[in-house]
Amino acid sequence: MDNKSYNIQTELCHLGEEKNSNGAVIKPIYQNSTFTFDSWDSIDSAFEDPYNNAIYTRGKNPTVHAVELKLATLCKAESAKLFTSGMAAISSAILSCVNYGDHVVTINNIYAPANNFLSGYLKEKMNIELTYVSGNSPDDFKDAIKDNTTLFYLESPTYADFNVLDLRAIANIAKSKNIKTIIDNTWSTPYFQNPLSLGIDLEIHSVSKYLSGHSDIVAGLVAGKEELIRSLFNREHAWLGGKIAPFEAWLINRSLRTFILRMEKHQENALQVARFLEKHPAIEQINYPGLRSFERYSLALKQMNGFSSLMSFRLRTKDIDKIKVFVNSLKLFGLGVSWGGHESLVYAPAISLLKELTPEQAQAMDISLSDIRISVGLEHYQDLIDDLNSSLNLII
Ligand SMILES: *Cc1c(COP(=O)(O)O)cnc(C)c1O
């Protein structure tokens, strides 16, 4: 393409996709580990800038780099780096911001493995202190700051309970104290929310979810200012080695061509399903940021351009056998973890909770076993609603 900048949908189709001399419309995959040079001088000069020169595929690879350019454009970022998984992106980004003995402020209910990394692994290995805040008011963050605070680790909306944080206000507090901010933006995707434009330093995605969207890839992304991504590339990405395979990057490129079309459809389907669930007598409460009735809807609208399709609801029944009947009777919703793919999925957090607690213990601790999480896929919404309706009617 020329230097004119196009609408993002056009960029996701064409950016960096110049045709080959043989006319192939899809770029070939550079499935190679190393690159050779004409001369001593040319390899010597490539070593001056490994960030911009393909030398060895743990560093720059042209297939991976082309996809990173599209993703950076989508995130309105100067630069972006793909990783082998969302967790490789999260752990590398956090390590790039903290030193031994630092203090990190985060919110309740962040993605569980990220929480385990911060609260278990980094506490044990690097003496990292951690404070949890509700985040309902940006002042929660201000009040939690200590002399050794170097990072606010955020997720908004949270994938577990859809808590929405005031990102601009929190970013301003962080900047005034020289504290870095990282957000896991997987729920919104860069189409519906651009945290970097609100002042957040680093944006992370589990590319395994909507950005890939076909449930056939596990990958992660960190996007931000070039200076931060370059440092991540030279240190955590190079030394921990969480590099993505060229073939997987090539599949992500395939996914990006339809990313916006898919997100528009996920949003439409999710809203139809949420409106149906909201009215069904078997349901006590629904948690979906795209509903007008959602507690933080107006804050969400202020900083987001739309809503993805993971939601949760609480069944009225507390009877675990009936909850199992509901889950087992669904025909279109596959029972499993993950989300953001073309196919609808259901998961009951009670399945994990009951590994540790009896139903009586859970009740005594006021933990509900009646919560259900669904990822609304790309099937026709009426079929999804019919499926939910028949299963819900079995447990009224
Ligand atoms: C899945 C997920 C991750 C982790 O991504 P992987 O690609 O599975 O490593 C991180 N954050 C959120 C919110 C997720 O849902």
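Treat the numbers as computed from the prediction; the structure is a model and nothing was measured. (Residues numbered from 1 in each chain as written. Predicted model: local features only at pLDDT ≥ 70, side-chain atom pairs only at ≥ 80, totals over all residues. Heavy atoms only, no water.)

**A short note on the packing of helix α4 (residues 86-97) against helix α5 (residues 112-126)**
α5 packs onto α4 with a crossing angle of 40° between their chain directions and a minimal axis gap of 11 Å. By the angle class used here, α4 and α5 are oblique. Of the two elements, α4 crosses α5, and the hand of that crossing is right-handed. Residues M87, I90, S91, I94 and L95 of α4 pack against P113, A114, F117, L118, L122 and M126 of α5. Tallied by class, residues from the contact of α4 with α5 come to 10 nonpolar, one polar and no charged. (Axes fitted to C-alpha atoms, helices over the stretch in contact; angles between N-to-C directions. Helix = DSSP H or I, 4+ residues; strand = E, 2+ residues; numbered from the N terminus. Parallel < 35°, antiparallel > 145°, perpendicular 65-115°, else oblique. Left-handed = near helix turned anticlockwise from the far one by under 90°. Contact = heavy atoms within 4.5 Å. Nonpolar A, V, L, I, M, F, W, Y, C, P; charged D, E, K, R; others polar.)

**Quick notes on the packing of aromatic side chains**
Going through the model one piece at a time under the given rule, you end up with 13 aromatic pairs. Both rings, one in Y191 and one in F259, keep their centres 6.4 Å apart while their planes meet at 75°; by these two values the pair is edge-to-face. Highlighted residues: Y191 in helix α8 (residues 189-192) and F259 in helix α11 (residues 259-279), separated in sequence by 68 residues. Taking the centre distance of 6.2 Å and the plane angle of 20° together, the rings of Y297 and F307 count as stacked. Pair noted here: Y297 is in helix α12 (residues 297-303) and F307 is in the loop between α12 and β9 (310-315), with a separation of 10 residues, a long-range link. Neither Y297 nor F307 differs from the other in exposure class; each is buried. Three or more aromatic residues joined by ring pairs make a cluster, and in this case those are F162, W187, Y288, Y297 and F307. (Phe/Tyr/Trp six-rings, centres within 6.5 Å; stacked < 30°, edge-to-face > 60°. Buried < 20%, exposed > 50% of the residue type's maximum accessible area, 1.4 Å probe, protein only.)

**Looking at the sheet that holds strand β3 (residues 129-133)**
The seven strands lie next to each other as β1-β7-β6-β5-β4-β2-β3, forming an open sheet whose pairing is mixed. Each edge of the sheet is formed by a strand with only one pairing partner; in this case those strands are β1 (79-83) and β3. Averaged over all pairs of adjacent strands, the angle between strand axes in this sheet comes to 20°, irrespective of strand direction. For β1 and strand β7 (residues 220-224), the ladder comprises five bridges, and the chain directions are antiparallel. Bridging across to β7, K81 finds its partner in V222. Running at roughly 125° to β1, helix α3 (residues 62-74) makes contact with β1 and β7 of the sheet. (Pairing = 2+ DSSP bridges.)

**Quick notes on helix α10 (residues 246-256)**
Residues of α10 that are buried include every one of P246, A249, L251, I252, N253, S255 and L256, and no others. Taken together, the buried residues of α10 touch α1 (8-14), α3, β1 and α11.

**Concerning the nonpolar core**
L82, L277, M311, F326, I372 and I374 are the most contacted members of the largest nonpolar core, which totals 73 residues. Broken down by element, the residue count for this core peaks at eight residues, all from α11. Ignoring anything within four residues of it in the chain, the contact list for M311 reads F162, A270, V273, A274, L277, I286, N287, Y288, I372, R373, I374 and V376. Counting 43 residues, the second-largest nonpolar core is a separate cluster that includes V105, M126, L165 and I179. (Core = buried A, V, L, I, M, F, W, Y, C linked by side-chain atoms within 4.5 Å.)

**Focus: the pairing of strand β2 (residues 103-107)**
The element β2 is extensively covered by neighbouring structure, given that five of its five residues are classed as buried. Along β2, one buried face is formed by H103, V105 and I107 and the opposite face, lined by V104 and T106, is buried too. Two strands pair when backbone bridges link them, and β2 and β3 are joined in this way by five bridges, in the parallel orientation. Bridge assignment links V104 to a residue of β3, and that residue is L130. The sheet contact formed by β2 and strand β4 (residues 149-155) spans four bridges and is parallel. Across the sheet, residue H103 finds its bridge partner in β4, namely T149.

**A look at the site of the ligand**
Among the 15 residues in the neighbourhood of the ligand, the closest are listed as G86, M87, D184, S208 and K209. Between the ligand and S208, the relevant distance is 2.6 Å, taken from an oxygen atom to a side-chain nitrogen or oxygen of the residue. A distance of 2.7 Å is found between an oxygen atom of the ligand and a side-chain nitrogen or oxygen belonging to K209. In isolation the ligand has 380 Å² of accessible area, and contact with the protein removes 89% of it. With three residues, α4 is the largest single contributor of residues to the shell around the ligand. Looking at the shell around the ligand, its residues break down into seven nonpolar, five polar and three charged. (Near = heavy atom within 4 Å. Polar contact = N/O pair within 3.5 Å; in protein donor to acceptor, adjacent residues only side chain to side chain. Areas by Shrake-Rupley, 256 points an atom, 1.4 Å probe, with all protein chains shown as cover.)

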